[in-house]
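Geometric and topological summary
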Amino acid sequence: MITYVANRAIQFVLALIVASVVVFALMSILPGNAAQVALGTNATPDAVAALEAQYGLDQPPVIRYFNWVVGMLSGDFGTSYVTGAAITPVIVGSVQVTAILVIAAIILAIVIAVPLGTFAALEQRNWIGVTISALSQIGIAVPNFLAAIILVIIFSLTLGWFPSQGWMAPVEGFGGFLIRLVLPVVSLALVQAAILTRYVRSAVLDVMREDYIRTARAKGLTRTKALFVHGLRNAAIPVITVAGVQLATLLVGAVIIEQIFVIPGIGSELVRAVANRDLVTVQGIVMVLVFLVLIINLIVDVLYPIVDPRIRNAS
Amino acid sequence: MKTPRVSSWMAAVVASSLFLAGCSAGASDSGEQAKKDSMTIAFTAEPVNLDFTSTSGIAIPEALMENVYESLVRVDGEGEIQPGLAEDWDVSEDRKTYTFHLQKGVKFSNGAGLTSEDVKFSYERVHNDWKNALKSKMDVVDSIETPDDLTVKISLKKPSNTWLFNMSSLVGAVFDTEGTDDLANEAIGTGPFAIEKFSRGQSIDFAARDDYWGEKPAVSKVQFKYFKDAVSASNALKSGEIDVVSNLQAPELAGEFQSSDYQIISGTTNGEVVLSMNNAKGIFKDKKAREAVMHAIDRKAVLDTAWAGYGELIGSMVPPTDPYYEDLTKVWDYDPAKAKDLVREAGIEGETFAFTVPNLPYAKAISEIVSAQLAEVGLKADIETQEFPAVWLDKTFTEHKFDMSVINHAEPRDILTVFSNDYYIGYDDSKTKKIAEKADTGTEEEYVSGMKEIAKTITEDAASDFLFLFPNLVIAKAEVAGIPANRVSDSFRIADLSWN
């Protein structure tokens, strides 16, 4: 178990190093001059050159890379060319927002998908199971921004239950925070729930064909009881994997929902930074996203042996 | 075991949904009460910081000029210069020295009083410390003297008609001598409002100042809220979360607001939507080729298709609110047959040219209909969409790698900048430069007639096609009054807003 976790941790660090090099290199070859963008359409070449020197853009890339990495290791992502402000607080603030959004969405997705998927598997031959399968298929086909638009039209513009946009930090008012959270979270969760439902269904179907379920049934357990007592934990492995991937996808994928609902998350911050050629901020945000995605993968990897003793013992 | 857990979970869901329903009812109630004293306005371009002395773009001055910062003079909705922090001013005989008399009792939001020293400090700072390229507008200033606390004497290197107008823009902003330490985050000005809260990327909260020297604003709390997406902004207006959409970026949505609950205002801006052609090299170096384009394009159809008919045909680089405006829409009539002849004469039939299009809604919409119209006369556009601002500025604007592009040139009175030799269009300004020099140093009449001549010359040279004037399309609740219809300066003035 310890070697298993240590191996994963080493992989994690290596991936992070490779990612930092790739991110930095990509930013360096991107067209667009940060100094030119900051100065606008009326800038003289002299002024652009002077600002480049001030930003340190005239230094060799290797030196800029090391300065950047050393800064990040001490929690300092540098100063934005465009805003002139420190980047770390911007990233920390927006990551919190996205984390709330994404974690709420994935929890909602799991809460919807696990019972539905299980139900669909148990009732696979009658109309309930077929209906659930069909609905989940539709859910997968609907992109989350379309879900968002439909939800806004129904629940905000027509019924007036929820605001159509906006964000409030929980400390500013918890009721206001919750009510603004509902539509974006539901928009994100519906699609993920649809996908997850199908995985849960097939995982449960697989498990139900296993010998130990037949044995449990032979001992006199009902199908449902056999599943709950012996099956669900086994079905959890593929579901955890998919949920982990979904969580990682949502971190970046929430960007459209953030734009529609005017939510100051990391995706909005990234889009803004790219548009402004705020390269230091882009680099910082991408690294944080890479870090988070890798962390999620690491957690999923560590969860396997905890859930499944076979993996634990094999390692 | 399982059943009770599920039902308690269900109970939680029901309870929380009831709680949420309660919240929503409560929220809208309190919203109604607070309405008369506050207003929320949607904007598109968001300020990345509060410092326009180092960051270019419209977003920061739009929020801060006239609201937080003030200049000695301001421009009203008709384009006329009005007193600002200067009560009045005298101009010397040789028109090189301006003596401004400051308003009495003006205080900065940090409590400091306004003196002539602040003005001198601010304007010298433009030259010495500003990074915004617009600072060149103050280059003509030679020296600034402060004979007493309320008098500022500014001497110019040569007479200039444009200078006083330029002073109404952000270069004229007056800062406190002690108030420029953290301009990116803290704006200390003399204006009717102070910034209460700046949430970057989201909103700016303005609060009316009790110690403002002029007339107190009718609405004491104003919020600017930034929407990337026009549909989100229009939804927020429909559901009553905001009161005004300041410049709707999707004019096709305006139709949804044609009811007595809302008002649709379509005013002018300083933004000329220019179908720019590379005069210096490539297919459009030949004037005949450019003339062909001028005849090939049905500007009315472009306006109707690309921007739902909101906007105004202008035919030159001058908006109607400028003193030297002249209707030049008849210079180049829509005549595809003539355009075809010109294409043949220029020997460019069937040739392909590079059309670089910034990824902005209006530019993309225009590029499609323009290429269709050009195809009719035998010119093939190779459209390349470029991310704006970064890639467009790099490839088209700086490296001049384009034959045709389309962009809204939004700065006020920018005809001489855009049509100068070294600008991306590469217009040969040998004729216009001399006229401009004479116009700027001449009398006001000479200025107006000189500038008219320049505008006409540029249009007749077919330097670029002036498609239309970008509209200031404002949608607001019917009860909102005092919205500036025309955008002639770089600011969005909120002091005149009120509720009916």
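This structure is a prediction, so every number in the text was calculated from the model and none was measured.

Basis of the calculations
- Residues numbered from 1 in each chain as written.
- Chains lettered and ligands numbered in written order.
- Predicted model: local features only at pLDDT ≥ 70, side-chain atom pairs only at ≥ 80, totals over all residues.
- Helix = DSSP H or I, 4+ residues; strand = E, 2+ residues; numbered from the N terminus.
- Contact = placed C-beta atoms within 7 Å.
- Rg over C-alpha atoms; globule rule 2.2 N^0.38 Å.
- Buried ≥ 20, exposed ≤ 12 C-beta atoms within 10 Å, placed from the backbone.
- Core = buried A, V, L, I, M, F, W, Y, C linked by C-beta atoms within 7 Å.
- UniProt positions renumbered as here; feature names shortened; annotations may be inferred.
- Nonpolar A, V, L, I, M, F, W, Y, C, P; charged D, E, K, R; others polar.
- Pairing = 2+ DSSP bridges.
- Axes fitted to C-alpha atoms, helices over the stretch in contact; angles between N-to-C directions.
- Parallel < 35°, antiparallel > 145°, perpendicular 65-115°, else oblique.
- Left-handed = near helix turned anticlockwise from the far one by under 90°.
- pLDDT = per-residue confidence, 0-100.
- Domains from an automatic or database assignment.

**Comments concerning the overall build of chain A**
Summing up its helical and strand segments, chain A has 14 helices and zero strands in all. When the helices and strands of chain A are listed from N to C terminus, the series reads α-α-α-α-α-α-α-α-α-α-α-α-α-α. Over its C-alpha atoms, taken along the principal directions, chain A stretches across nearly 85 × 55 × 35 Å. Within chain A, contacts between residues at least 6 apart in sequence are counted, and of these 69% link residues at least 24 apart.

**Quick notes on the overall build of chain B**
When its secondary structure is counted, chain B shows 13 helices and 20 strands. Against the globule reference of 23 Å for 500 residues, chain B gives a C-alpha radius of gyration of 25 Å, in line with a compact fold. In terms of principal-axis extent, the alpha carbons of chain B reach across some 85 × 75 × 40 Å. Looking at chain B as a whole, 48% of its 500 residues are labelled buried. Pairs at least 24 residues apart make up 71% of the contacts formed inside chain B by residues separated by at least 6 positions.

**Focus on the nonpolar core**
Counting residues in hydrophobic clusters, the biggest one holds 215 residues, and the most contacted among them are B:V244 and B:F419. If you tally residues by element for this core, the top one is helix α8 (residues 174–208) of chain A, at 17 residues. The residues contacting B:F419, other than those within four sequence positions of it, are B:M317, B:I425, B:Y427, B:D429, B:T432, B:I458 and B:A463.

**Let's talk about the UniProt feature "domain: ABC transmembrane type-1" (unreviewed entry) in chain A**
Annotation from UniProt places "domain: ABC transmembrane type-1" (unreviewed entry) at residues 95–304 of chain A. With 83% helix and 0% strand, the stretch residues 95–304 of chain A has end C-alpha atoms that lie 26 Å from each other.

**Some points on the interface of chain B and chain A**
Residue-level contacts link 37 residues of chain B with 42 residues of chain A. Mapped by element, the contributors of at least two residues to the side of chain B that touches chain A are α1 (2–34), α5 (230–238) and α10 (390–398) of chain B. Split into classes, the residues belonging to the side of chain B that touches chain A amount to 15 nonpolar, 13 polar and nine charged.

**Regarding the sheet that holds strand β12 (residues 262–267) of chain B**
All names here are of chain B. The sheet built from seven strands is open, its strands ordered β8-β9-β10-β1-β11-β18-β12 with mixed pairing. Of all the strands in the sheet, just β8 (193–199) and β12 have a single pairing partner and so form its edges. With two bridges connecting them, strand β1 (residues 38–43) and strand β11 (residues 244–245) associate as parallel partners. Bridge pairing in β11 links I41 to V244.

**Observations regarding the UniProt feature "domain: Solute-binding protein family" (unreviewed entry) in chain B**
The sites that carry the UniProt feature "domain: Solute-binding protein family" (unreviewed entry) are, in the present numbering, residues 80–408 of chain B. Between the first and last C-alpha atoms of residues 80–408 of chain B the distance is 23 Å; the span itself is 26% helix and 25% strand.

**What to know about the pairing of strand β16 (residues 404–409) of chain B**
Residue and element names in this part refer to chain B. Where strand β13 (residues 272–277) and β16 come together, six bridges link them in antiparallel fashion. By the bridge assignment, V273 is partnered in β16 with N408. Sheet topology places strand β14 (residues 352–358) next to β16; two bridges connect them, and they run parallel. Across the sheet, residue F355 finds its bridge partner in β16, namely M404.

**So, the packing of helix α5 (residues 87–122) of chain A against helix α6 (residues 127–141) of chain A**
Two numbers describe a pair of packed helices, the interaxial angle and the distance between the axes. Residue and element names in this part refer to chain A. One can describe the packing of α5 onto α6 by two numbers: an axis separation of 8 Å at closest approach and a directional angle of 135°. Between α5 and α6, the crossing angle belongs to the class labelled oblique. The interaxial crossing formed by α5 with α6 has left-handed handedness. Contacts from L116, F119 and A120 of α5 reach α6 at I128, G129, I132 and S133. In the contact of α5 with α6, the residues fall into five nonpolar, two polar and no charged.

**A few points about the sheet that holds strand β4 (residues 86–91) of chain B**
Residues and elements named next belong to chain B. The strand order across the open sheet formed by four strands is β4-β5-β7-β6, and the pairing between neighbours is antiparallel. Each edge of the open sheet is held by one strand with a lone partner, namely β4 and β6 (141–148). Geometrically, the sheet is characterised by an average inter-axis angle of 20° between neighbouring strands, direction not taken into account. Here strand β5 (residues 97–102) runs beside strand β7 (residues 151–156); their pairing, made up of five bridges, is antiparallel. Paired with F100 across the two strands is V152, which belongs to β7. On top of the sheet, helix α3 (residues 116–129) reaches β5, β6 and β7; it is set at about 165° to β6, its chief contact.

**Things to note about the confidence of the model for chain A**
Residues shown with low pLDDT carry predicted positions that ought not to be read at fine detail. Summing up the model confidence of chain A, the mean pLDDT is 84 and the portion of residues at 70 or higher is 97%. Taking the mean pLDDT of every element in chain A, the minimum, 71, falls on helix α2 (residues 34–39) of chain A and the maximum, 89, on α5(A).

**Brief notes about the environment of B:Q249**
Residues and elements named next belong to chain B. Mapped onto the elements of the fold, Q249 is located in the loop between β11 and β12. Exposure remark for Q249: the 19 C-beta atoms within 10 Å place this residue in the partly exposed category. Expressed as a C-alpha distance, the spacing of Q249 and D229, which sit 20 residues apart in the sequence, is 8.4 Å. Ignoring any residue separated from it by four or fewer positions in sequence, one finds Q249 in contact with T44, A230 and P361.

**Focus on the confidence of the model for chain B**
This prediction gives chain B a mean pLDDT of 89; 93% of its residues lie at or above 70. Interface predicted TM-score (ipTM) for the complex: 0.74; the corresponding pTM is 0.81.

**Considering the packing of helix α7 (residues 144–158) of chain A against α8(A)**
Residue and element names in this part refer to chain A. One can describe the packing of α7 onto α8 by two numbers: an axis separation of 9 Å at closest approach and a directional angle of 135°. By the angle class used here, α7 and α8 are oblique. Crossing of α7 against α8: the hand is right-handed. From α7, N144, A147, A148, L151, V152, F155 and S156 reach across to α8, where they touch L183, V186, S187, L188, L190 and V191. Split by residue class, the contact of α7 with α8 holds 10 nonpolar, three polar and no charged.

**With respect to the UniProt feature "transmembrane region" (unreviewed entry) in chain A**
When the UniProt feature table is mapped onto this chain numbering, "transmembrane region" (unreviewed entry) sits at residues 12–30, 99–122, 134–157, 177–200, 235–262 and 282–307 of chain A. Along residues 134–157 of chain A the backbone is 92% helical and 0% strand, and the end-to-end C-alpha distance reaches 29 Å.

**A few points about the environment of B:K285**
Residues and elements named next belong to chain B. Tracing the backbone shows K285 in the loop between β13 and α6 (287–296). Put simply, K285 and G426 are 141 residues apart on the chain and 9.3 Å apart in space, counted from C-alpha to C-alpha. If sequence neighbours within four positions are ignored, K285 has contacts with N279 and A280.

**What to know about the domain arrangement of chain B**
Residues and elements named next belong to chain B. Each domain of chain B was delimited in the assignment, giving domain 1 (36–68 + 191–261 + 478–499), domain 2 (70–174) and domain 3 (271–470). Computed over C-alpha atoms only, the centres of domain 1 and domain 2 are separated by 26 Å. Class assignment for the residues of the side of domain 1 that touches domain 2 results in eight nonpolar, seven polar and four charged.

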